[in-house]
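Per-entry structural report
Spelled out, the chains give:
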Amino acid sequence: MTRKIAFLTDIHLDEDFPAENGVDCKGNWELILSDLHTRGIDEICYGGDIGSKAINAWFFDSLHDFKTNLVLGNHDHFSETHKHLKEIKSDSNSELYYALEDDQFKYLFLDSSSGTISKPQFEWFCQKINNEKPILMFIHHPILPVKVKVDELYGLSNRNLLFKELSKLHVDTTIFCGHYHMDDIRTTGKIRQIVTPAGSYQVEKDSLEIRVNNTSFGYRIIELSDGKLESYLIEYSNSSFVQRAND
């Protein structure tokens, strides 16, 4: 049986910057959810940066048809989001991080909303990665460096600690993340990192500065079957969604 998970990230609802750049974040979100219904996908993982505190209630209400997991981004606040978490139980009283597993994979959901990984979360992480199953890791910030301006300015401050521990493992780790508003895939040893485009606006990858592209947005479909993982990028442009395999 194939399990399909939509990884959606960086919708930035009710924020000034996207609006000033001509982005209808709420409209984009509604188009994405409609596309998920069309594809028969009822499970999602949200990768962080919901938007303003005031929009959180609307955001979580929009997910009532979906089984949802969640990580927090640098625009999110645990004090607000935890009010709306019904089925997610964090292993911390002040951050949102937790682990799940099934017969095939270990799933880790990390909280990088502060721009760093706290000592308690790092200790928890080191304990949870000690297992015999391949790991699917969900976090807002990338762990492997990407040679773009947004990485230089806004990368996770202590990501090398996570990378060092993951490098010791004999099992494969796939990291799903966002934050950079672009598509990027890279592999180092047994670590594969898949950066997913934002649901709001993109940042031009080849630019020497942070330059907004407000004409496209997207998300990713993760397919898990018989211990194998594939992912597909879903891009919206020219008034339609287009699927392409790129992992």
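This text follows the structure it describes.
The text that follows walks through the structure, step by step, so that each part is easy to find. (Residues numbered from 1 in each chain as written. Predicted model: local features only at pLDDT ≥ 70, side-chain atom pairs only at ≥ 80, totals over all residues. Heavy atoms only, no water.)

1. Some words on the pairing of strand E14 (residues 240-245)
On a regular strand, one side chain projects to one face of the sheet and the next to the other, so that they alternate. The condition is simple: DSSP calls a pair of strands paired once it identifies at least 2 bridges connecting them. By definition, any uninterrupted DSSP run of H or I lasting at least four residues is a helix, any uninterrupted run of E lasting at least two residues is a strand, and each is numbered from the N terminus.
Bridging between strand E13 (residues 228-237) and E14 involves six bridges; their strand directions are antiparallel. The partner of Tyr232 across the bridge, within E14, is Ala245. Taken together, E13 and the strand that follows it, E14, pair antiparallel across an intervening segment of two residues, in which Asn238 is found at a positive phi of about 50°.

2. Focus on the layout of surface pockets
Note the cut-off: Computed over the protein atoms alone on a 1 Å grid, cavities are sets of points where a 1.4 Å probe fits but cannot get out and pockets are open sets with protein on both sides within 12 Å along at least five of seven lines; a residue lines them when it has an atom within 4 Å of a point. Grid points are joined across faces, edges and corners, and a volume is the space filled by probe spheres set on the points. Residues are sorted three ways: Asp, Glu, Lys and Arg are charged, Ala, Val, Leu, Ile, Met, Phe, Trp, Tyr, Cys and Pro are nonpolar, and all the rest, Gly among them, are polar.
In this structure, the largest pocket encloses a volume near 370 Å³. Lining the largest pocket are 15 residues, and of these Phe60, Leu63, His64, His84 and Lys86 lie nearest its centre. At the level of secondary structure, the elements contributing two or more residues to the lining of the largest pocket comprise helix H3 (56-61) and strand E3 (67-70). The class makeup of the residues in the lining of the largest pocket is seven nonpolar, three polar and five charged. Considering only enclosed or pocket space, the second largest pocket measures out at about 290 Å³ in volume. Of all the secondary-structure elements, those providing two or more residues to the lining of the second largest pocket are helix H1 (16-20) and helix H6 (149-154). When grouped by side-chain class, the residues that make up the lining of the second largest pocket number eight nonpolar, six polar and three charged.

3. Here's the deal with helix H7 (residues 159-167)
Defined as follows: Burial here depends on accessible area, computed with a 1.4 Å probe over protein chains only, as a share of the maximum for the residue type. Under 20% is buried, over 50% is exposed, and the range in between is partly exposed. Note that the arc is defined by the directions from the helix axis to the C-beta atoms. Should any heavy atoms of two residues lie within 4.5 Å, those residues are considered in contact.
If you check which residues of H7 are buried, you get Arg159, Leu162, Glu165 and Leu166. Each buried residue of H7 lies within a common arc of 130° when the element is viewed along its axis, so the set occupies one face. Projecting away from the buried face of H7 at angles above 90 degrees are the exposed residues Asn160 and Lys164. Lining the buried residues of H7 we find helix H5 (119-128), strand E6 (135-138), H6, strand E7 (173-177) and strand E9 (191-195).

4. Here's the deal with the packing of aromatic side chains
Test applied: Within 6.5 Å between ring centres, the rings of Phe, Tyr and Trp (the latter by its six-membered ring) count as paired, and their orientation is classed by plane angle as stacked under 30 degrees, edge-to-face over 60, tilted in between. Two thresholds decide whether a charge sits over a ring: the Lys NZ or Arg CZ must be within 6 Å of the ring centre and within 35 degrees of the ring normal.
If you walk through the whole model with that rule in mind, you get 17 aromatic pairs. With a centroid separation of 5.2 Å and an interplanar angle of 85°, the aromatic rings of Phe59 and Phe60 are classed as edge-to-face. We classify Phe60 as buried; its relative accessible area is 15%. Judged by centre distance (6.5 Å) and plane angle (25°), the ring pair of Phe122 and Phe125 falls under stacked. Here the residue Phe122 and the residue Phe125 both occupy positions in helix H5, the gap between them amounting to three residues, near one helical turn. With relative accessibility at 18%, the residue Phe122 sits in the buried group. Among the residues examined, Phe125 registers a relative accessible area of 0% and is labelled buried. The lysine or arginine in question, Lys26, covers the ring of Trp58, its NZ or CZ lying 4.5 Å from the ring centre.

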